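Listed below, chain by chain, are the residues.
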Amino acid sequence: MKIVIIGLSAAGLSALETVLRVAPEAEITAVSEENRQPYCRCLLTQYLGREVGQDFMAIRNTDHYPKNVTWLLGETGPADRPGAKKP
Ligand SMILES: Cc1cc2nc3c(=O)[nH]c(=O)nc-3n(C[C@H](O)[C@H](O)[C@H](O)COP(=O)(O)OP(=O)(O)OC[C@H]3O[C@@H](n4cnc5c(N)ncnc54)[C@H](O)[C@@H]3O)c2cc1C
């Protein structure tokens, strides 16, 4: 099974971890347009206020995941979503 996950914040990482749980052998490609490790948006104000550093904001480092996950950081996946209304 091949799966592509686009966006690696709360929803994307939750989807990724669910796939790894139910289909641990799946070939997963994880795409984020942000060229950085997944981070917690909730801490953005503290980061901008210099109360916390980047390390503290990490949700999970990509090293945490198994080798069947391919990371494409700084890449943009298709913007169209199934069922999305066209303008
Ligand atoms: C300052 C701040 C404080 C917050 N505090 C709280 C809090 O205290 N409690 C709480 O519950 N929530 C809080 N939130 C909200 C919480 O951060 C969001 O609900 C959560 O981040 C939503 O996660 P998400 O994965 O759905 O979307 P997002 O976090 O928006 O992530 C989507 C990701 O997908 C990427 N992406 C989108 N389209 C593409 C594409 N085509 N190709 C590649 N990548 C793509 C985006 O760049 C982004 O990285 C806060 C948000 C902010 C900004």
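As the structure is a prediction and not an experimental result, all values here were calculated from the model.

Conventions used here
Residues numbered from 1 in each chain as written. Predicted model: local features only at pLDDT ≥ 70, side-chain atom pairs only at ≥ 80, totals over all residues. Heavy atoms only, no water. Core = buried A, V, L, I, M, F, W, Y, C linked by side-chain atoms within 4.5 Å. Buried < 20%, exposed > 50% of the residue type's maximum accessible area, 1.4 Å probe, protein only. Helix = DSSP H or I, 4+ residues; strand = E, 2+ residues; numbered from the N terminus. Pairing = 2+ DSSP bridges. Axes fitted to C-alpha atoms, helices over the stretch in contact; angles between N-to-C directions. Contact = heavy atoms within 4.5 Å. Near = heavy atom within 4 Å. Polar contact = N/O pair within 3.5 Å; in protein donor to acceptor, adjacent residues only side chain to side chain. Areas by Shrake-Rupley, 256 points an atom, 1.4 Å probe, with all protein chains shown as cover. Phe/Tyr/Trp six-rings, centres within 6.5 Å; stacked < 30°, edge-to-face > 60°. Salt bridge = Lys/Arg side-chain N within 4 Å of Asp/Glu carboxyl O.

### Things to note about the nonpolar core
- Among the nonpolar cores identified, the biggest contains 13 residues, and Ile 5, Leu 16, Leu 20, Ile 28, Tyr 65 and Val 69 are the most heavily contacted of them.
- Mapped onto this core, the elements with two or more residues apiece are β1 (2–6), α1 (10–22) and β2 (27–32).

### Focus on the sheet that holds β2
- An order of β1-β2-β3 is seen for the 3 strands of this open sheet, with the pairing classed as parallel. Each edge of the open sheet carries a strand with a single partner, namely β1 and β3 (69–73). Averaged over all pairs of adjacent strands, the angle between their axes in this sheet comes to 15°, without regard to strand direction.
- Relative to β2, β1 is paired through 5 bridges, and the arrangement is parallel. In the strand pairing of β2, Val 4 is matched with Thr 29.
- Most of the contacts of α1 go to β1, to which it runs at about 160°, and overall it touches β1, β2 and β3.

### Thoughts on unusual backbone geometry
- The residue Arg 50 is not glycine, and still its phi comes out positive at about 60°.
- The topology assignment puts Arg 50 in the loop between α2 (44–48) and α3 (54–57).
- Its relative accessible area of 78% is what places Arg 50 among the exposed residues.

### A word on the site of the ligand
- Around the ligand sit 14 residues in total, of which Ser 9, Ala 11, Glu 33, Glu 34 and Arg 41 are the nearest.
- The contact in question runs from an oxygen atom of the ligand to an N or O atom on the backbone of Ala 11, over 2.8 Å.
- At 2.8 Å from a nitrogen atom of the ligand is found a main-chain nitrogen or oxygen belonging to Gly 77.
- Protein contacts shield 51% of the accessible area of the ligand, which totals 1000 Å² for the unbound molecule.

### Observations regarding the packing of aromatic side chains
- Tallied over the entire structure, the rule returns 1 aromatic pair.
- When the ring of Tyr 65 is compared with that of Trp 71, the centres are 5.4 Å apart and the planes differ by 55°; the resulting orientation is tilted.

### Re the pattern of salt bridges
- In the structure shown here, the tally under the stated rule is 3 salt bridges.
- Of the charged contacts, one joins Glu 17 and Arg 60 as a salt bridge, the two residues approaching to 2.9 Å between their closest N and O atoms. In this pair, Glu 17 sits in helix α1 while Arg 60 sits in the loop between α3 and β3, placing the two residues 43 residues apart along the sequence.
- A salt bridge links Glu 34 to Arg 36; the shortest N-O distance between them is 4.0 Å.
- Here Glu 34 falls in the partly exposed class, since its relative accessible area comes to 25%.
- Of the residues examined, Arg 36 reaches a relative accessible area of 46% and is grouped as partly exposed.

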